Each structure stands twice: as structure tokens, then as C-alpha cells.
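# Observations on the three-dimensional arrangement
Chain residues, written in single-letter form:
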Amino acid sequence: MIKSEEIKEFAKKAGADLVGIGSMDRYDGAPMQSDPRYIFPEAKSIIGLGFRIHRGLLRGIEEGTYFAGYPAMGYASINDVYAPMVLREVGNLLEDNGYEAILYQNTSVRLGTGVGKAVSPDKPKPDVFLHFRISAFICGMGEIGYSKVFLTPEFGPRQRFAFIITDAPLDPDPIFEDKLCDKCKLCVKDCLSGAISAEKTVKVTVAGRELEWNDLDADKCSAVYQAGVPEHSPFMNDEIKAIIEKLIGRDFDPQKLPDNYKGDVWKYLRENMPYARNSWESYHHPPCIEGARGCVRACMIHLEETGRIKNLFKNPFRIREPWRYDS
């Protein structure tokens, strides 16, 4: 029988930076639409693979001079190119030892979740959405921080995940019990969209542990994540400025709202913001002009300064005052 340590050693040689293993019983109580046991009822284990986001991919956004690197190499390349290759190699190992392997990449859910018709009353609608942050927690890889971004003791907020659901009966890793997030709330302070609530939180129980994170405004987060805000985006015209300022609750000029804006900011940006359109066409991912300023950059800086993570650097990340337009 294949062993957990054999899986971990192989996965790291194949290119994963992090590997964790969880048991499927840790999903007890999960919503049907997010429970991977409906994908594979005979599954015994879930294998989590983590891939670092290089700190340098945030450098160009920090300096205001290179915005393509983070979405291209920090998102699309990991999710759509590198992680699937490692998933395949580890899946081959499991199959060679007689076990099934369901390879679940980060962008699997772009086709939609719960959009199909259930094949029977006792099953969820296709496609089942694997909650990546909760699954990483189940695999013992770290914790969900106050910002709702997953934190690991190795890289803090700088990684992406992929998973394998398998019937291999592997020894699970213990649930992560340390605390990385000290609720400094610098993520709240630095988030340009105001999407991270300073007071309202969400609590869920996973594997017998209560998890808590802020009650994130996903609409504000997703829009500003792509387009930025006027004082921190080199790619914003008056129409997009009006949409963003309306969405995040600022005063705005309603006469500058475009006639073809129907409330779907993702669709509008993709079709009418050249930088966003080019991003989708070039590497099938939205731009990240805001550059995760609060949830990743502020958190990363804090974790590095307090020595709470292992992957540290010879020089600090924030060397100069952050840039901004005066108006």
C-alpha cells in the first residue's frame, strides 16, 4: 500500500512546494454542493498541493510599472499550466499503485458551479465546488486568515492550491493548530475596495474547529481586484471610474455611467477595458490591477516583519512609500 510520506516526497520532486493530506470524514457537515464525497463517494483521502507565488510577481504593482506579471505568472501560469502538470504526475503515481485519482485544479469551477440539473434528488447539481481554503485547512496546510485568504507557515498568503481526491487510505496530517493571523487588520486598512469588513465576521465549523473570517463583500472585491480604484490604477477611464466609485460607495457622476453597463461589472470590464480584455485573451485570466494590496501585500509585509513565516528575504518588500495619483 502506498504511504503518505511516499506521496509527499514524490509530489515535491514533481514540483509542489507544499503537500498536505486530509481524511474525507473532515468534510462532515459540509454543504452538499461543496462536499467532494459526492464526486467520489468511495474516496478516503484528499491530497493538497501548494505552489508558491513568487514575491517578485508583486513587485511591479508595488512600483506601479509592471502589472502583467502577477495575473500571468502568479495566477494563470500556476493554475492552468504548472499545477495541472504536477497533479498529473501525482495522479499517475496513485493509479500505478491501484488507486483512483480525481485531479481538481484551481480553475475547474470557471465553467460554473451548481449550474446543471441534478441527476437524482440525493445528489448536488453539477459541478460540485471544492472549497479550496477549507480543503487546505482539512489537509493541515495552515489557516484561513481574517481577510479570508489562506495562510501557510511557509509562505503566508503567497500560494495557490490544487487537490487530488483519492480512494487511497492515507495517513492524514494533523489539523494546523498554530496561529499565523493575529488579527492586526492591516488587510482591512489597506484594501482599496473596502471589501474586508472590520467588524462583521463569518464562522463555520470544520473538522471540529471553529473558523472565522471577515464577511467579505465579494462584489467590491472582485471589481477592484480587476480594475483598481482611480488613485491606484493607470488603466482607468472616466466610465470605469464612475462604475467603480458607484460600487464602492463613493460620490460619483451618474452622467458618466456608460449606457451599456447593466450592473455586471465583470462582463463590462472584460468587454470594455482594453487591459482586462487583453488579459483574458492572452492568459485566460482577469487582470489584478489592485494587486491584492490588503489581503496579500499588507498581510505578507506584516508576517515577514514579525517573523511569523519561514520564507523570508534579505530585503524588505516595501522600500518606498506606495505610489498614488493625486486625483
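Our subject is the structure listed above.
Residues numbered from 1 in each chain as written. Predicted model: local features only at pLDDT ≥ 70, side-chain atom pairs only at ≥ 80, totals over all residues. Heavy atoms only, no water.

Following the sequence through the fold, serine 4 ends up in helix α1 (residues 4-14). Engagement of the side chain of serine 4 in a polar contact is seen with the backbone oxygen of aspartate 171, the distance being 2.8 Å. (Helix = DSSP H or I, 4+ residues; strand = E, 2+ residues; numbered from the N terminus. Polar contact = N/O pair within 3.5 Å; in protein donor to acceptor, adjacent residues only side chain to side chain.)

On the secondary structure map, arginine 297 appears in helix α10 (residues 293-305). A residue is classified by how much of its surface remains accessible, and arginine 297, at 3% relative accessible area, is buried. Among the polar contacts listed, one links the side chain of arginine 297 to the side chain of glutamate 62, at a separation of 2.9 Å. Look past the residues within four positions of arginine 297 in its chain and what remains in contact with it is Leu58, Ile61, Glu62, Glu290, Gly291, Ala292, Phe317 and Arg318. (Buried < 20%, exposed > 50% of the residue type's maximum accessible area, 1.4 Å probe, protein only. Contact = heavy atoms within 4.5 Å.)

With the rule as written, the count across this model stands at 21 salt bridges. Note that glutamate 304 and arginine 55 form a salt bridge whose closest N and O atoms lie 2.7 Å from each other. In this pair, glutamate 304 sits in helix α10 while arginine 55 sits in the loop between β2 (45-52) and α2 (59-63), placing the two residues 249 residues apart along the sequence. Overall, the relative accessible area of 15% leaves glutamate 304 in the buried class. A residue is classified by how much of its surface remains accessible, and arginine 55, at 10% relative accessible area, is buried. Between arginine 308 and aspartate 182 there is a salt bridge, and its shortest N-O distance comes to 3.8 Å. With arginine 308 in the segment after α10 and aspartate 182 in the loop between β6 (159-166) and α5 (186-190), this residue pair connects regions lying 126 residues apart in the sequence. Arginine 308 gets classed as partly exposed once you look at its relative accessible area, which sits at 29%. (Salt bridge = Lys/Arg side-chain N within 4 Å of Asp/Glu carboxyl O.)

It is worth spelling out the packing of aromatic side chains at this point. Tallied over the entire structure, the rule returns 13 aromatic pairs. For the ring pair phenylalanine 235 and tyrosine 275, a centre distance of 4.0 Å and an interplane angle of 25° mean the geometry is stacked. Taken together, the positions of phenylalanine 235 in the loop between α6 (218-227) and α7 (238-247) and tyrosine 275 in helix α9 (residues 274-283) put the pair 40 residues apart, joining distant regions of the chain. Here tyrosine 275 falls in the partly exposed class, since its relative accessible area comes to 21%. Taken together, the ring pairs in this structure connect Phe67, Phe235, Tyr275, Trp323 and Tyr325 into an aromatic cluster. Lying over the aromatic face of tryptophan 280, arginine 270 brings its terminal NZ or CZ to 3.9 Å of the ring centre. (Phe/Tyr/Trp six-rings, centres within 6.5 Å; stacked < 30°, edge-to-face > 60°. Lys NZ or Arg CZ within 6 Å of the ring centre and 35° of its normal.)

Moving on: the pairing of strand β7 (residues 201-206). Here β7 pairs with strand β8 (residues 209-214) via 6 bridges, running antiparallel. When the bridges of β8 are listed, threonine 205 appears paired with glutamate 210. The hairpin formed by β7 and β8 contains 2 residues between the paired strands, and alanine 207 there has a positive phi angle of roughly 50°. (Pairing = 2+ DSSP bridges.)

What follows covers the environment of arginine 160. In this fold, arginine 160 is placed in strand β6. When its relative accessible area of 11% is taken as the criterion, arginine 160 is described as buried. Linking arginine 160 and phenylalanine 132, residues 28 residues apart in sequence, is a C-alpha distance of 9.1 Å. With residues near it in sequence (within four places) discarded, arginine 160 still touches Leu49, Gly50, Phe51, Ile53, Tyr70, Gly74, Tyr75, Ile78 and Asn79. A polar side-chain atom of arginine 160 sits 3.3 Å from a polar atom in the side chain of tyrosine 70.

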